[in-house]
Structures are given as C-alpha cells and as structure tokens.
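Now for the letters of each chain:
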Amino acid sequence: MMTMYSDDDLQKGYKDFVLYWKAKPYLLVYDDDEEDWRTSLFQIERTAEEEGKEPDATKIAQSMDSVRLYRILRFFKTMQGFYEGNLDLTGRHPSRLAEIVPKWSSYLQDFSELFACAHRSVTLVSSWVPGHTFEEESYTFDNPDMAEKFMSKWKIPEFVDFSGLVCHTKSTLESISRNTGGPRIQKLCLVDLPFEILDVIFYHSCLSDARLLSATCRQLREIGEPHVLGDRTIVLKRDSLRFPSEDMEISDLPLDDYIISSAFAARDEALALCQFLLNRRDLLNRLKTLFVGDKCIGNSLDPPSIRDYPLSELDGGNFYSPFYKSLENVISSSVNLTELTLLRITMALDIISCLCNLPNLDLLVLSVCTITHEARRALSTAAAGAFACSARCLQIDDPAPSSYYAMIFCPNATNFSAYALRSSLLPPPEIIWEKCQFLATLKYLYLGRISLVNIPIFVEWIRRSLHGISPQITHFKLQTEYPISDTEIESYLEALGTTPLKVLSIEGALHADLSLFDWIANHFPNLQGLTVLRRESTRSRDTKPIIWPLPTWMYAQCLSAFPKLEYFGWNNDKISEQYTTYPLRFLEDPSLANNYREICRNERISIRDDNTPILFDPPTATLQRIKGLTTGSLPTFVDIGNNFGASSIAEDSILKQLRLAGKKSAFMGDDTWMSVFPDAFEPNMTFPYDSFNVEDLHTVDEGVIEHLFPLLEDPSKPFDFLVGHFLGVDHVGHRVGPDHPSMKTKLSQMNDVLKRVVDLLDDETLLVVLGDHGMDLSGDHGGDGAHETSAALWVYSKGPAITQAHLYPPPSGLLRYTYFPGTTVRHRNIQQIDILPTLSLLLGLPIPYNNLGSVIPELFWRDRTGTELLRALEINSAQIKQYLDTYRASPSGGELNDSWNSIEAAWTATKISSSVHDNNFVKYSNFNWVALGACRSMWAQFNPLLMGLGLSVLGVGLIATWAVWSGLSASRHMWYDWIDLHLGRCLRGIAGGAILGVAAYVLLGTFIPGIDALDYALFFAPLLSSLIVIASSPPNLSFKALKSTPILLILHALAFFSNSFTFWEDRIAPFLLVSSIAPSVFVGLSAPVTRLRLRIVGFSILFAVCVRLMAMSTVCREEQGSYCHVTFYSSSSLPSPPLVVLALAIPAALGIPYALRRYLRISRSDVGVARSFIPLILQPALLAGSALWIVEWADSAGILDHHWESLLRVTRTGLARLAFGLILLGGGFLWWSVPICLDFETKEAGTEQKRQVNVIGYANAFGSPYLIFWSIGLAVVYASTQLTGQVVIALATVALLSWLEVVDSVRDVKSIQAEFAKGTPSTFLSNDGSTTISPPIQFSDIVPLALLGTHLFFATGHQSTISSIQWKSAFMLTSNLVYPWSVVTVALNSIGPLLIMALAAPLLALWNRAPVSNILKPSQKKPSEDKKEQEMIAPDSQVKGESTLAAVGYMAYYATLLLGAAISAAILRRHLMVWKVFAPRFMVGVLGVVVADIGVVLGVGVGVERITYRIGRMFGKSNR
C-alpha cells in the first residue's frame, strides 16, 4: 500500500534505536525535530525497563505520533524542494524523486476525492494579544468513513487537523505551478558537501564505515584520518557475565573459571592491540588522543564476588606486568600525543617517566588511578624538575590521595581540575602542598563535588600555596556536593587573595543574596564572566533551574558593579532553561575537551577579538597574496613570475581608495608592496626592505620595529592606515624549516612585538594580524597544499566590542568552517579576499571595483537583528553585481555565458523578501558565493580547440622523431647525407607552414574566434615540417621494429592517466629503471665468453644497487600522506641534511673522482687530460661544492655563535665561486685545449731495433675525453645541489658508468655472436688495424639512461610541485638575490639532474670506441662507389652518427612522456586533482623536453664535435 513514509523503525526497542540513529548522519529536513521525539521515546522505554515496569502506552503513542508528524512535514517539504531547488543535504537526486512522485500522485488523488466532499467553516478566535482575533478554519465531511480511511491509509496522527493538510497541499501545489521548468535534479557527490558536514558524517559513523569512507578518495581521507587514526583506545575489558538460564544464580556459576578466562582474554586482546601499534610507527606518529583503561575491575554492574576478585594475583602475581610493559612502549613511542586519559591504572615510576618524555602532551586525565608507593617516594624526594611532564592541563577524576602526586610531575600545568565521580572530593596530602610547583603559574582551577567537610582543607591548601607568590589564576570554578551559605563562599574566595580573576563560577550557593554579588564585585572587579548557580535546599545535590527569590532587575542592578562583565549565567527558571550560557561554559568548564585544550594554549583570552583561519587561493606567493588582499581579485599561476620582477597594480584597490579619500597610509617591510604600489604611501612614512634575502632573518623585522613603534607612540597619529609586513618567520621557514629552534625564537620576538602593539593601541584603532600565506612542512610555499593555503586572522580592538556574535550568533548559513591540517577541531574560516570589503566598509571607503570577496559577518553583527550586517551585505552584493555586469558587457564577457543564468537567478533571489529572518542574510551571501564560483571557473577555463591543436603538434612531432630515428638507423655511416637531405626539406616545411598558417587565419579567422595569426603560424609550421619528414622518411614498421617496441616507455607515459601513479612516480621510476636492464642481463647470461658474462652481470648488479640506494632519498608530496617519509632532509619540517649525509658528504666528493679514474683505468684511459683534470680541477671543485653546503648547514643550525655568521656567509660565497670558477674556467679551458685522454709509449722491438709506439687509452679514445667534458657539467650541478643530493649524484655517477660498461659488453657479445653465426670468428683475430662495424646503438640502450635522469630528479629532493623548489640555492654565489646568478643556480639545482643525464646520452655511442677505420660490410656497398670508399669508413663517422642517434632517442623518450602528460591533463582537465597533479606534471614534462634538447645539443654540438675533430686530426679525419 502506498504511504507517505515508513514507520517500521518506530517499532524497534530503544537499544535498536540507539544503534540505528547514532550511525545515521542528520541529513534530512526535520531530522533534528524527529530526533527529539525519538529520544523521548527512548527515555520512556529505558526508564520503564530499569524500573521493571511496562512503558506508559499513552506516552509512547504520543511520541510516535509526533515522529509521524515530522515525517509528514518532510513529505511535503521534499516535494516543494524538488521544484524550488532548495532541499536538505540528502539532495535532489533522480532516485529520490522517483520514490516520492508516485506517492505524491496517489496522495493527491485521494486528497482531491476527500476535498470534494469536505465543507469549510471559519471561526473567529480570540488572540493572546488583547483586542485581536484570528480566523480558525475547520472541515466537516459528507462521508466521515472516507475521511477516516484517508487518515489511516496515509498514517496521519489524530491530532493533525485536515485544515493543516489543506495548507501544506496548497503550498506544495503552488510550488509546482510556480516552477514550470519541472523538478530541479541535483547531481551531488559526497565530496561536494562542505567539510563540516562531512565531518558530521564521520562523527556519526562507526569505525569500519569511517575507514571505508576514508579509503575512497584523498579529500575524504583528509577529513576522516583524525577520526580513524588520531584517537585510540586500549582497554582491558572482559565480557559481561551471562547466565545460561534465567533461573540460575551467581552461586551456581563457576566464577573462578569465568573470571580467569575472561581476564586473560581481555589482556591478550589489549596486548595484541599494543603490538599492532608498535609495529605501525606511522600510526603512532599520527596518534593525538589515547585512552587507556582497566575495566576488568570495578565494574559496578557485576556482583561483589566478581568486582572484588584479586586479578593482580593471577599469573603468579604478574597478571598486569605484560600489559603495563606494552603500555609503556606505546606511550613512549607516541611522540605526537596531545591528550592522554588513564582509567584505573596503577602508575609506577616507569609509566611516569614515559609521560615526562612526551614532548607534545597537553592534557593528562587520571581517572580513578593510583600511584605506587615507590613512585610516590621517588617523587617526594626528587629534586625540583627531575620529573617534568609537558602537560599544561591536568585533570584528576575521583582521586585517591596517591593520584594527587601527579601534581608534582606536572610542573607546567596552567589548568588543574579535580572532580569526584562518585564520592566526595578528597584534598591532596600535605606533602603535595610543599612539592607542587605549578600554583605560581596556574590560571584555571576547577574543583568539583567537594564535600562540606573537605572544603576548608582545600581552601587552606590554596591559601598556603599562594602565600608569598603573585597568583595568576584567571578562571576559578567551585562546585560543592551540598549547598553552602554566602558567608562560607566569601570566606573561601578570600583565600584566592589578589588573583586576577576573569571568570568565576560558583555552583552550590544556598542563598546568593545581593550582598554576595556586591562582595564579589569589590574583590574581583575585573570579572568578564560570572556564573552563580543556586540549590533549592540544604539537601539538594543536583543543580537545576529554580526560581530565585528576588526580581531579575535587582540582580541586574548588582551586575552593573562589574565594569568589564561580558557574560552572566544563572539557573533562574523564569529566564532560561539553559542556566549557563555556552560562551561562559567555554571559559569555565575544562571538561569540554576541545575547548579546554584551546584555552590552555592561549596565554591571554580577549573577549573583543576574532581569531579565524584564512584560506587562500593558489598560488601562495607574496605578490599574489598582496594583490588578493588589496584588490579582492583572484590571482593566477601566470602571475607567479611577477614575484621576481613585479610591476605596479593598475586595478582599483583599498590603497587607491584611501588616497582618494584623503587618508594617509604608512608602510614598512617587504619591498614587494613598493613594486606594486609605488605611489600609495606617504614618502616620509615608507620604509621598504629587500624581501628576497632569505638568508637574513632579522634585518627586515628589525627595520619594521624601528619605524613602527615611533608612529604608534606619536600622539598626533600621522597615519590612517598602516601596513607592517614582517618577513622573519617566512625566511626562517625557507632557510631552516618550521621546526628549527630559530622559529621559536622568531615567534617569541613576534609575540613580544604584538604585545607592545596592543599596549600602544588606542580605543579608535583596529588591529588586524594575519599571514599573507602559509608554509608547508619544509617551510616553503607557492603551491596549493593545505598548509600553504591556510593561516590565521586575529582582529582586535580596545574600544567597544566590535562584534556581538558571541552573544547573538549570526545566521549559521553565513559561516563556514574547515579543519586546519592535522587538527581534529573545526575552525571558523574565511577567504583571504573577504578581508578587503570588510576593511573598506569599516573604514568608510567604497569597496574596490573588482572585489569578489564577501564581508566577514561577525564584524558587522552588532545587535540581535543584524541590521548593519544586512546593509553591508547589500552594498557588497551590489558592488559585485556591478562588476560582473560591466565585465559581461566587455568583449571578454562571453566567458561568463555558462554561469550567467545561475548568477542572475541568485541576484533575483536577493530582491525577494523572506519571512524567515535568516534568509534575508543568506540570499546575499549566496549570491556572493555564486559569483565567486563563476569567476573561479573562468580562471580555470580551457580552450579545447587550442588544446587539440597542441596535442596534434606533439603527436605528429613524436612520429616525426620516430621517422628521424628510423632514417638515421638505416643510413648508418651515411648519416650526414641523410641529415643534409632532410634538414633542408624540414626548414622549407617550416617556412611553408608559417605561410599556410597566415592564410588559414585570413580564411578562418572570422569563423573561429580566439585564435590569432600567430597561433595559426605556430601550429602549421611544425605540423607541415613534421609531415614532410614523415613522408620523406617513413618510420620503420617492420615486424622486427614493432617487436622492439619500448614497453617501459609506453607504461611510463600511460601512468600519467592515474593521479595515484603520477604522484607516486618517484617510486615507479626506480622499478622501471631496474626492469629496463633485464634484457642486457639475459644477454650477459648467454655470453660465449666468461669475462663478458661476469662483466655484464657484475656491472648490472652494481647498477641496481646504486639505483636502490638512490631511492632511499625521498621528499614527500602532500598527496602521499603518511605513506611517505622524508629522508632527503632531517625531517619533513626541518630542511637540514641528516647526520649520516653530513658524514658521507666529503667521502662522496672524493668518491666521484676515484670512480672516474677506476672506470677509465679499465681501458687505460686515465691518462692525457684526465691525469691533470681529475685531481687538480674536478676533485677540488667537488670538495668546494660539498664544503659550501656543510658551512651553510653550520650557519643555519647555529652550530657556532652568531658572531660567526658574517664569516660563515663570506666563506660560503667564496667556496661557491671557487667551485664554479675552477670547473668552468679552469676545467673548461683545459679540456678545450687538450680534449684527449691518450698517452704514447715507445718500445724497442726485434734485433733490428725498430721502435714500436703504443697508444695508451686508444680503445676508449672517444669516450674518455667526453667523460671529462661531461664531468664539467656534473661538477656544476653537484655544487648547486644540497648535501643529500650530492650523495645521490655520486651514486648516479657510478650507475651511469656501470651502464656504459654493460652496453659496451653487450655490444661485444652481439658482435661475437654475429661473426660466429657467419662462420668468420677469425675477424676478431685480424691484425690489419681495422675491424668491422660494431652493432648499432639500440633504443633499449637509451631507456635506462633516460629513466636514470628521471630517478635522479626525484632523488635529489624534487617533485612535480612548486613547493619542492629548493630556494636555498639562489644564495650560493651571492648573499642577496642577484640576477641572473640566483636564477641560474636555482635552475641548476632544479633541472640540473635532468641536464647531466641528457649530456651523458652521447656516451652510449662513444664509450670504448677506438678511432679505427671500419670495414664496410658487403651488404652495405654501393656499386657507384670506388673500392676504397666501399671498404673503409673514416674513424669518426660511426661515433658521430650514433651520437646523433642517441641524442634523438633521448629526446624521443622525454617527448613521449610530455605527450602522455599533456593528453592526461587535457582529458582530465575537470578532474579534482588537475591543478595539484596533472597540470604540474605537464609543466615538468615541458621542462624535461627542453632540458633534454639542450643537453643533447650541447653534448653533440660541443663535446662530440670537439673530440672527433682532435681525434680526426691525429688518426685520420673523415671527409665530412
């Protein structure tokens, strides 16, 4: 039967209800109201069950009918929501519509039939307002049975009148008729919900569901991880006692067996959990909150025979020993633990020592715990500070006298609470009175459920402890077990002496006469919050709303004696059911754990402040953030280059509006402001400082301080608007990371500055403290990571409160919440551009024309109705609409086409007045967000046509590269003729393509907008040129060519279509790299010569070992989360080298020259220029490169006194210049002059005394001098790389040389096998000075080298993210940012690893190649050539041709990766990760191709040409 809803779940018992309801997020309309009645139903059934009675059927029926009422209302509201486009969080999905439409149709048919036989009557009823009446309608029916059947069928409760159904049905029909477009279907994914809603979903989910949700995508993982990983419980808990039958008694059960078995099972389970955590250090590092308890004892539900069983005597008295030992290991390993709760734990000295070693512990809760006698004795006799736990919040629940000894080992506590769970609170022993140290700094003191007997003892403890010191207690709450008189309260409070109380709470007052308020006002006049809760009688132990004896206005008169009072809470039943307002409970009640932790971290709580996180748009570079702050517009990644050469901002800005209003602006700090606003500040109040010298941590800040305070102290206040931009914290992050001790020092300095600024403020000045951007875990910024795009905002004024949001909260629809990275507490957040319209209106200025931000609601919420906020939102929305209208009318206005309908609809909604007060605010806020979303989508718009043209050029260009490879491979020694022929065709194709592009523009320009003549020319020129190459030299499509398809390259390119594979590319690269040498290993295993077999296998193993060692160096992307651990630096937040790297730095610098000599010695090529270059040029340059970074580490780490800073800076600069100068000038000149690694040895031979000349190094005459040339680039990149990267480069050098030996040996094997196959093995024994042409280079030889370049890029501390750029390298050659040297060194550091491997590509053709004249094989002869040309090929012909071939192959590899990255970015351009993963990888792909091209062109054009020229002159030069 069709019904509006199902009420099957209403028949469940209250236990089932709890399980059902708590696991379900509140996402449906009227959920909260339904929950209230469901809870009522639950309480009725639970009370009846506890009392052993049947539940009251009448009350149950009432509750169930109330639940049904809200389900009926939900039915109507859902139908209206589908047509009005306004529904609950479950969404307007097709499946939901398909479910409700048949119900609505059936209901409407039944309703129409009943309405046709109904008669309406109207009665005037007196209103509760005197003299007013209102109409009350009712209905009667011709057929009452029909009405009864209708109400029964649709499950409508009896108390629901038919007139109400008529009203709701009419409203629904009006909604349907008003919205003629039909239902508005919504496509909503779970990840589209706001963070705060997703957090509610996780909060109400069981652990298994939370884990499942967290595993679905990165966004849900970030929200769910705090729920899944941040909170752990380790409990000894045995199963409840179960009776086999209802007739059995306790005495009938084998209790000993039950207790022993269940206790051991509980211990085993707890030990297993401890061991699991100890095996997962990554989980322990994420652990923030830990609950440890022993629930095997003290269970009040068990009979005494079980509850009091001596479990500690089991297992020979060692029952608890394994558990406590594992517990100690878990606690000591949880270094990031912030909250720890111990329940019924016996604390020995070992556990206390573990607690004292937790560096981040904030909250320690001891509930029903005891401290052993040995531990108490040690604490009593230990020197002050011997046991010092970092916890600043100590909470003791239901304490035994021994648990108070925790006060001794928590000397840093600023918050102490003691509370009795079941019995009266006992005072601490007298020994504690003497040893407790934290009372001098205690700020929050909470004493709960104190018995009347123990109150005087507590008071005496407080009086004696505070004697002789200056107390700091600002918050005090006293809760008594039984009520006490006003006189007793006064005497107890008198013990606090002169404490600077801000918040006082008294729960348990018997009278609370007016005289008590007067006494409190006289003794604590600076109270900001006061709560007084009375009890009904002397026997009352519970606090509840009661009637106070005097009129409320008399108490209000007393409160006027408190000049600073902001909050007052009481339990007057006439005023409010909530007798303590939430803001006051936030301040007074440490049992609110999250707020409790926040309270204890703050040194000072200001009632008139606003502390809010800001979220930024990427990129998070200074110029973009200044632009966002001052203009309210969105930045772009294209603007990021302006950070290195900013130009003035021509847009409207708050500084421009200040000048137009005749107001004066002052500035001091980051000189970027002067670059973009050169004329905005008063000349005599402008003090800019260089912003790019991140080595200097103090000059900018000291300059700001020097000029800031004189202006603040000037009584004439010469400025109206002042900007102080400090840079010290930013520079510390860049240089040494956020966890370095320098950061604490700098933050302390900023804290002192802030205190001084606050002290100097007058009542008319508004202070805004904010960060222009955040920083990632390594201290850098620029990208779009969560840490980089978030910071804090603090708004403060000494004058009248700038907001009343704490008293009358603004509409929740205006407020947005998020999570700071690594936190579990929601924070109010705003967009950074929201600051601009807010400050503009607060200063009485027009909002800048191009602003897209929204005013901050709290700062305009001055009363209950929010009149000022409504006016501010109206102005704000009108300004944004005017801007969008103007933009829409401009030539570029078409970009708004896709969003214009939604913008217009949102604007139209602002003109409709709503009877719901909150909606009048939300409609303006909604318009602002719609407009901002539309502009953000424009910022990320794509041109599919241009993207398609670009991909076409890339694809055709790659095929052309394949054609060049095939052509060069087939031409062999005739490579020069092949290039000469096709190069001319290619150049003519470029010229013709450019002309064709201009012609296409003339013909198609009017039909295809957005593409100019240059775009057409840039498309057709390379396209036509590539097509000509392909047509004139088609790629080899033979079976043999297809069989050698580079599978690894294809897999590498295809991996970019997965975001997971893309951001784990640093792990994929070494796997592919080791896999790429497998074919060579198989060739080695089948080699006919033992020496070659050993060489191939041995060097392959060495290559694989080096690759694996390189992979141990990692930096982590944000997306890799806890599965990645930083090893390139000391830690993720301390960008200094690990200690093991410091020890290996000098050995690595010495090891590279040693490795070069050893590998050259194999072919006896360590002679000639190598003999002097390696020890005199290369080795000193490498040592200088390592030394400069060691000195940088010593400077950054503060190893020496600060007096040494200038000397260390000069030393670093000198070492860097020495390294660069020595290798580039000295090494370059030496190599250019003598690029030969040969030596000559003369011997007398035979009786005729003929002299024999041996050429030493002849076998590697081409490869060895090129290796020297390559080592020049190696040394330059080596010096630009940090210490860990230098060790990695040393390993990469060994890997490269090993691969060259493998390639050479495989070449020999193939030559031998080929000659044996032809039956001419004697060729290798000929002594005529010539040899056959060796096997040509294969693409499989190039793949490992290209992958080694990619692997080296990642292993030297880089990722495909902006934040991984190592800005330290900009200050190697100079102490300040100097162009172009800083740019060059950053580029060498970033792309140098790719460059040196591209530079090494010709080595594949040159290594172990001798300058011999090669015999041309018969199959290669041409009839037209003379005999000499047919038989011999010049010495340098093959090496030059194959060097060019290797260069083409290397470029082809990176071009293929670029094509894969480009296609993935294009196809996935609407993917959630496009700007975090795919677009950055595409940018790296572009850089990879550019660097590969530059490297191979330098290698072939300079290195190979110079070497072959000199070798040719010595041994015979080719004709070309």
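Just so it is clear, the model here is predicted, and its values are computed rather than measured. (Residues numbered from 1 in each chain as written. Predicted model: local features only at pLDDT ≥ 70, side-chain atom pairs only at ≥ 80, totals over all residues. Heavy atoms only, no water.)

Section: the overall build of the protein chain
Regarding its fold elements, the protein chain presents 53 helices and 28 strands. Looking at the protein chain as a whole, 52% of its 1520 residues are labelled buried. Long-range contacts, defined as pairs at least 24 residues apart, comprise 74% of the intrachain contacts of the protein chain with a sequence gap of at least 6. Surface accessibility of the protein chain: about 68,100 Å² in total, with carbon and sulfur atoms responsible for 58%. (Helix = DSSP H or I, 4+ residues; strand = E, 2+ residues; numbered from the N terminus. Buried < 20%, exposed > 50% of the residue type's maximum accessible area, 1.4 Å probe, protein only. Contact = heavy atoms within 4.5 Å. Areas by Shrake-Rupley, 256 points an atom, 1.4 Å probe, with all protein chains shown as cover.)

A look at the pairing of strand E11 (residues 444-450)
The buried fraction of E11 amounts to seven of the seven residues, a majority that puts the element mostly inside the structure. Two elements, strand E10 (residues 415-419) and E11, share five bridges in a ladder whose sense is parallel. Of the residues in E11, the one forming a bridge with phenylalanine 416 is leucine 445. Pairing geometry for E11 and strand E12 (residues 475-484), over five bridges, is parallel. Among the inter-strand pairings, isoleucine 450 is bridged to a residue of E12, identified as threonine 480. In this fold, the crossover linking E11 to E12 by way of helix H18 (residues 455-466) has right-handed handedness. (Pairing = 2+ DSSP bridges. Right-handed = clockwise from strand over helix to strand, strands pointing away.)

Observations regarding the pattern of salt bridges
By the definition in use, this model includes 23 salt bridges. The residue lysine 477 makes a salt bridge to glutamate 507 at a minimum N-O spacing of 3.9 Å. Of this pair, lysine 477 sits in strand E12 while glutamate 507 sits in strand E13 (residues 503-509), placing them 30 residues apart in sequence. What makes glutamate 507 buried here is its relative accessible area of 11%. With a closest N to O distance of 3.3 Å, aspartate 1166 and arginine 1161 form a salt bridge. (Salt bridge = Lys/Arg side-chain N within 4 Å of Asp/Glu carboxyl O.)

Focus: the pairing of strand E14 (residues 529-534)
Among the six residues that make up E14, six are buried, leaving the element largely enclosed by the rest of the structure. Residues Gly529, Thr531 and Leu533 of E14 are buried on one face, and the alternating residues Leu530, Val532 and Arg534, pointing to the opposite face, are buried as well. Crossover connection from E13 via helix H20 (residues 514-523) to parallel E14: handedness right-handed. Tracing the backbone out of E14, into helix H21 (residues 552-559) and back to the parallel element strand E15 (residues 567-570) gives a crossover that is right-handed.

Notes on the nonpolar core
With 129 residues, the main nonpolar core has Phe1173, Ile1223, Tyr1266, Trp1270, Tyr1450, Tyr1453 and Tyr1454 as its most contacted residues. The dominant element in this core, judged by the number of residues it contributes, is helix H47 (residues 1283-1318), at 18 residues. Grouped together as the second largest cluster of nonpolar side chains are 107 residues, Tyr324, Ala375, Met407 and Leu425 included. (Core = buried A, V, L, I, M, F, W, Y, C linked by side-chain atoms within 4.5 Å.)

Here's the deal with the sheet that holds strand E17 (residues 665-670)
Here three strands make up an open sheet; going across it, the order is E18-E17-E19 and the pairing parallel. If you trace the sheet from one side to the other, it starts and ends with strand E18 (686-689) and strand E19 (721-725), each paired once. Taking the axes of each pair of neighbouring strands and ignoring which way they run, one obtains an average angle of 10° across the sheet. Sheet topology places E17 next to E18; four bridges connect them, and they run parallel. Paired with aspartate 670 across the bridge in E18 is tyrosine 689. Packing of helix H27 (residues 699-713) onto the sheet brings it into contact with E17, E18 and E19, and relative to E17 it is tilted by some 160°. (Axes fitted to C-alpha atoms, helices over the stretch in contact; angles between N-to-C directions.)

Some points on the sheet that holds strand E4 (residues 289-294)
If you trace the 11 strands from one edge of the open sheet to the other, you get E3-E4-E5-E7-E9-E10-E11-E12-E13-E14-E15, paired in parallel fashion. Of all strands in the sheet, those with a lone pairing partner are strand E3 (231-236) and E15, marking the two edges. The average angle at which neighbouring strand axes cross in this sheet is 5°, direction not considered. As defined by bridge partners, strand E9 (residues 393-397) adjoins E10 across five bridges and the pair is classed as parallel. Its bridge partner being in E10, aspartate 397 is matched across the sheet by tyrosine 419. In the packing of helix H19 (residues 486-494) onto the sheet, contacts are made with E12 and E13, and the angle to E12 comes to roughly 145°.

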